[in-house]
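Overview (structure and organization)
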Amino acid sequence: MPSAIALVDCNNFYASCERVFDARLVDRPVVVPSNNDGNIVARSNEVKALGIENGAPLFKVRPLLEAHDAAILSSNYELYGDMSNRVMTVLSDFADEIENYSIDEAFMRLHINPRESFAEIGREIRRRVLKYTGIPVSVGIAETKTLSKIANHHAKRSSKANGVLDLARSPYQELALSRVPVADVWGVGSRYAEMLEARGIKTALDLRNAPDEWVRDRMTVVGLRLVQELRGVACIPLEITPLTKKLLTVSRSFGSATESYDELRAAIVYYVSRAAEKLRRQKLAAGSITVFIETDRFKPEPQYANAVTLTVAPKSDSTFELRDLALSGMAKIFRAGFRYRRAGVTLGGLELAERVSLRLWENERYERHQRLMAEIDRLNAKYGRDAVRYGLFQSEGVWRTRFGQRSPRYTTCWDEIMRVV
DNA sequence: TCTGGGGTCCTAGGACCC
DNA sequence: TCTGGGGTCCTAGGACCC
C-alpha cells in the first residue's frame with residue numbers, strides 16, 4: 001500500500017479561530033498581537049496583502065491597520081488551544097501515525113489503496129475539518145516532512161491547488177522546488193538564507209542540488225539532513241508519541257517596568273505557580289529551576305540581565321518547594337536601581353513524577369503538599385485561575401500582562417460562553 | 001507610549017576522571 | 001625540548017521552529 005507524509009496546516013489559525021465565533025470579522029482584516037499587544041503573531045489574508053510582516057511591532061503598523069478598519073484582537077490562547085484539540089481530533093480519523101507538530105499543524109502518514117489518490121484524501125481532510133470546526137486548512141503531501149512543507153507552501157498560495165497539493169512522486173516536484181525561495185525552506189532561517197543567497201543558492205531546488213560536503217561544512221549535519229529530505233530521503237522521523245519535554249518555561253514581559261523587589265518577587269511566584277501547574281498536569285517533576293530577570297532592551301537606559309540555575313533535589317513538582325528555591329535565586333541576582341521589564345522561570349531536568357516518587361512516600365510533609373496542591377488545582381480549574389493562590393503575589397501588579405482586546409474565551413470559560421439573543 | 005513566549009538541536013570548549 | 005589519550009558531562013552560544 002503506497003504511503004506518503006501529509007502536512008495539515010490551519011490557515012491563519014488564530015485569526016480563523018476568532019472568525020469562527022464572530023462572523024463580523026469574516027471580511028475584515030484581522031490581526032492578533034502577542035502578549036502586551038506587542039508584536040503581530042497572526043494575520044488574516046487581508047493583512048498579509050497589506051504587506052504587514054509576521055512579528056511586526058503593533059505600534060508601528062497600527063496606523064495602517066486602522067486605515068483599513070482592521071480588527072485587532074489580543075491573543076486568547078485558551079480559545080486557540082481548545083480549537084486546536086478539536087482539529088487534531090478530526091485528523092485522528094485519517095491516520096494512526098500523527099505528529100501534533102504545533103498548535104496549528106500536524107504531520108501524518110497517509111496510506112492509500114491503488115484506486116485512491118492522496119489528493120482525494122487531502123480534500124476529504126480539508127472538507128471534514130472545516131465542517132466540524134469551522135477552521136480552513138491546507139494539505140501538502142510528499143515523501144518527506146520537508147517536502148510536504150514545500151507542497152503545503154504551494155497548496156496555500158496557488159488558486160488552482162484549492163488548498164490541497166500532492167507532490168509525492170510527482171513530475172512537478174522540481175518545478176515546485178524551483179519556485180520556493182531558499183529562505184522559505186523549513187530549517188533555513190535568516191542566517192542561513194543570507195549565507196546561501198550570497199553563494200548563489202536562491203531556491204529550494206538549488207539547495208537540493210548542493211554538494212553534501214559543502215552543506216555539511218556550512219550547515220552542520222542539520223543542513224545535511226535537510227538536503228536529503230529535499231531529495232526525498234526521509235531523515236526526520238514522525239514523532240508520534242509526544243516525547244517528554246526537557247524544559248518548561250513561563251515568562252512574560254510586564255505590563256510596565258518596575259524597580260520594585262517586591263513586585264518582582266510577586267511576578268516570580270506567579271510564574272512558578274503556572275509552571276508547577278503545567279508540571280503536575282503533565283505528571284512531571286523538575287530537577288532544576290532557572291530564574292531570570294531583564295531590563296527593557298529597547299530603552300536607552302541602564303541595562304541588566306541575569307539568571308541563576310538551582311538544583312531541585314530531590315526532584316519535585318511542589319509549588320511550595322519550587323517557589324522557595326526560585327525566591328532564593330531571585331535574591332542572588334536582583335540588583336537595585338534597574339527598571340525590570342521581563343522575568344521568568346524555566347524548569348529543567350524533567351522526569352515522570354512517578355519515577356521519582358519513591359522518596360516521596362516517606363516524606364509526610366510532601367504528601368500533605370500533594371493533597372493540598374491537587375485540591376488547589378481542582379478549585380482553580382473549576383472557579384478560574386487564581387481563585388486560590390499561593391500567597392505573596394497580589395492579583396494585580398504593574399507586572400501583570402495587559403490584554404487590551406481579548407475576545408471571550410468562548411469554549412473554555414463559562415462566563416464567556418457565546419450568547420444568542 | 002508602544003518591540004512575544006515557548007520550545008529544540010548541534011557544536012565547541014572546559015572540567016573532570018582514569 | 002619536552003607536556004598521554006580517551007572518555008563523559010556540562011554549559012554557553014548559535015542556529016532553527018511556530
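It should be noted that the structure appears before, not after, this text.
What this report covers is the structure whose coordinates are included nearby. (Residues numbered from 1 in each chain as written. Chains lettered and ligands numbered in written order. Predicted model: local features only at pLDDT ≥ 70, side-chain atom pairs only at ≥ 80, totals over all residues. Heavy atoms only, no water.)

1. Structural notes on the side chain of aspartate 9
- With respect to the helices and strands, aspartate 9 occurs in strand β1 (residues 3–10).
- Relative accessible area serves as the criterion here: at 12%, aspartate 9 is assigned to the buried category.
- Within the structure, the side chain of aspartate 9 is placed 3.4 Å from the side chain of lysine 156, a separation counted as a polar contact.
- Residues in contact with aspartate 9, not counting those within four places in the same chain, are Asp104, Glu105, Pro136, Val137, Ser138, Asn152 and Lys156. (Helix = DSSP H or I, 4+ residues; strand = E, 2+ residues; numbered from the N terminus. Buried < 20%, exposed > 50% of the residue type's maximum accessible area, 1.4 Å probe, protein only. Polar contact = N/O pair within 3.5 Å; in protein donor to acceptor, adjacent residues only side chain to side chain. Contact = heavy atoms within 4.5 Å.)

2. Considerations on helix α12 (residues 319–333)
- Compared with the 21 Å implied by 1.5 Å per residue over 15 residues, the 21 Å span of α12 between its first and last C-alpha is a close match.
- Every buried residue belonging to α12 is among Thr319, Phe320, Glu321, Leu322, Arg323, Ala326, Leu327, Gly329, Met330 and Ile333, and all of these are buried.
- Two or three places before phenylalanine 320, at the start of α12, stands the capping residue serine 318, its side-chain oxygen 3.1 Å from that residue's backbone nitrogen. (Expected span 1.5 Å × (residues − 1).)

3. Side note on the nonpolar core
- Core analysis: the largest hydrophobic core is formed by 36 residues, its most contacted members being Ile268, Tyr271 and Leu347.
- Contributions of two or more residues to this core are made by β9 (248–258), α11 (261–281), β10 (284–295), β11 (305–316), α12 and β12 (340–348).
- In terms of residues, this core owes the most to one element, α11, which gives 11 residues.
- The next biggest cluster of nonpolar side chains, apart from the first, holds 35 residues, and it includes Phe21, Tyr80, Ile125 and Val139. (Core = buried A, V, L, I, M, F, W, Y, C linked by side-chain atoms within 4.5 Å.)

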